[in-house]
Amino acid sequence: MPLEFELCPGRMIGGNHPCFIIAEIGQNHQGDIEIAKKMIKMAKDCGSDCAKFQKSELDHKFNKKALERPYNSVHSWGKTYGDHKRHLEFSHEQYKELQKYADEVDIFFTASGMDEMAVEFLHELNVPFFKVASADNSNFPYLKKTAKKGRPMVVSSGMQNMETMRQVYKTVKEHNPNFTILQCTSAYPLEAEDVNLRVLTEYQKEFPDIPIGYSGHESGIVISVAAVAMGAKVVERHVTLDKTWKGNDHEASVVPSELAELVRSIRLVERALGNGVKQMLPCEKPCHDKLGKSLVAKVKIPKGTVLTQDMLAVKVAEPMGIDAEDIFKMVGKKVKKDVEEDESILPEVVEGYCKKRKC
């Protein structure tokens, strides 16, 4: 199975394709659809590939007592947790309105389906891919039903160990080949010591036939950029218009200026990764021509002399002679003409020498 697939129409991930950048709006819209639209436009303007929300059908995600429990946090939008969540939850019609707006500004639109009924709605909405939140990565009936729908999947792996993630991989792969797993630590905000970027490498070993990505909750952008340097093919970051707003996620989110810099930095790192082939590049030729060292005669060498190493020196020479790296290959070869002391030893002077091309 290839390490790449089409996550959204016309947009491949994995392989040598650009990192897919998800702006996780989540519920940072404060329950206001106009703010949500501003955030979609912001995500687009900053260069993100996708604006993502979180969709719940509350009676299916929570039991009655969970919704009725008092919620006295400074981040609360209601007296009970249910009131709080209802304030932040958009209706089906509002989701259709947001999807239409995202299409108008030309950015992919999706949401995490936070329960099976939410996934059903998102499937009807025809989102390009399903996002599985960390809270559901061990909900195996949910994973199986979601995978069977056939849409690509992005699966976060917060709060789990490798053995569970192996089971996640097997469960999804049995029904759907097109998915990616994101390294994630579920803490908001996340301290650097708990990021564990090396899990990316372990995931690449454990699951070599799928792309691997990173979902970050840390402050700043440096760690997310480092994840791309380590091979992350998808990066998801929470976004906000104001980190001081009410809500647990705002502090762990990036503001527009940070998001724009994150996108620029990821694209710069992608350019810098190269193809892994070590060779002298055309851009290095001016430096090589000016400062590259070659062989010169340490002493006068008469025509017909068999070269020994003590006859040779390595210097920046004009004209440039035989590459310094070939000094040991010269031992035992004859010179076809006299070479004066400190004179460049040119390729045509040495019998049986063929100059290699470096660029």
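These figures come from a predicted structure and were not determined experimentally. (Residues numbered from 1 in each chain as written. Predicted model: local features only at pLDDT ≥ 70, side-chain atom pairs only at ≥ 80, totals over all residues. Heavy atoms only, no water.)

J.: What is the right way to read the pairing of strand β3 (residues 20-26) from this model?
T.: A regular strand places its side chains on the two faces of the sheet in alternate fashion. Counted residue by residue, β3 has 7 buried out of 7 residues, so it is predominantly covered. With burial as the criterion, each face of β3 is covered, one bearing Phe20, Ile22, Glu24 and Gly26 and the other bearing Ile21, Ala23 and Ile25. Sheet analysis places β3 next to strand β10 (residues 234-238), joined by 5 bridges and oriented parallel. Residue Ile21 lies in a different strand from β10, and its bridge partner there is Val235. Pairing between β3 and strand β4 (residues 50-55): 4 bridges, direction parallel. Among the inter-strand pairings, Ala23 is bridged to a residue of β4, identified as Ala51. Between the parallel elements β3 and β4, the chain passes through helix α1 (residues 33-45) in a crossover that is right-handed. (Buried < 20%, exposed > 50% of the residue type's maximum accessible area, 1.4 Å probe, protein only. Helix = DSSP H or I, 4+ residues; strand = E, 2+ residues; numbered from the N terminus. Pairing = 2+ DSSP bridges. Right-handed = clockwise from strand over helix to strand, strands pointing away.)

J.: So what exactly am I meant to see when it comes to helix α6 (residues 116-125) here?
T.: Think of an α-helix as 3.6 residues a turn; residues three or four steps apart then line up on the same face. Residues of α6 that are buried include every one of Ala118, Val119, Phe121, Leu122 and Leu125, and no others. Angularly, the buried residues of α6 cover 160° about the axis, an arc narrow enough to put them on a single face. Contacts from the buried residues of α6 go to β4, α5 (92-105), β5 (108-113), β6 (130-132) and α7 (140-148). N-cap assignment for α6: the residue whose side-chain oxygen lies 3.1 Å from the backbone N of Met117 is Asp115. Note on α6: the residue one or two positions beyond its end, Asn126, has a positive phi of about 65°. (Arc of directions from axis to C-beta. Contact = heavy atoms within 4.5 Å. Polar contact = N/O pair within 3.5 Å; in protein donor to acceptor, adjacent residues only side chain to side chain.)

J.: Could you clarify how one ought to interpret the side chain of Ser156 in this entry?
T.: Counting through the fold element by element, Ser156 comes out in strand β7 (residues 153-156). What makes Ser156 buried here is its relative accessible area of 1%. Apart from residues lying up to four places away in sequence, Ser156 is in contact with Lys131, Val132, Ala133, Ser134, Asn137, Leu182, Cys184, Ser215 and Glu236.

J.: Would you explain the environment of Gln204 in this entry?
T.: If you trace the backbone, Gln204 turns up in helix α9 (residues 198-206). Here Gln204 is in contact with Ile212, Met230 and Gly231, once residues within four sequence places are set aside. Within the local environment of Gln204, its side chain forms a polar contact with the backbone oxygen of Met230, the two atoms lying 3.2 Å apart.

J.: Explain the pairing of β4 to me, please; I cannot follow it from the model alone.
T.: For β4, a buried count of 6 out of 6 residues is recorded, marking the element as mostly surrounded by other parts of the structure. Residues Cys50, Lys52 and Gln54 line one face of β4 and the alternating positions Ala51, Phe53 and Lys55 line the opposite face, and both faces are buried. Pairing of β4 with β5 involves 6 bridges; the strand directions are parallel. The residue bridging Lys55 from the neighbouring strand is Gly113, located in β5.

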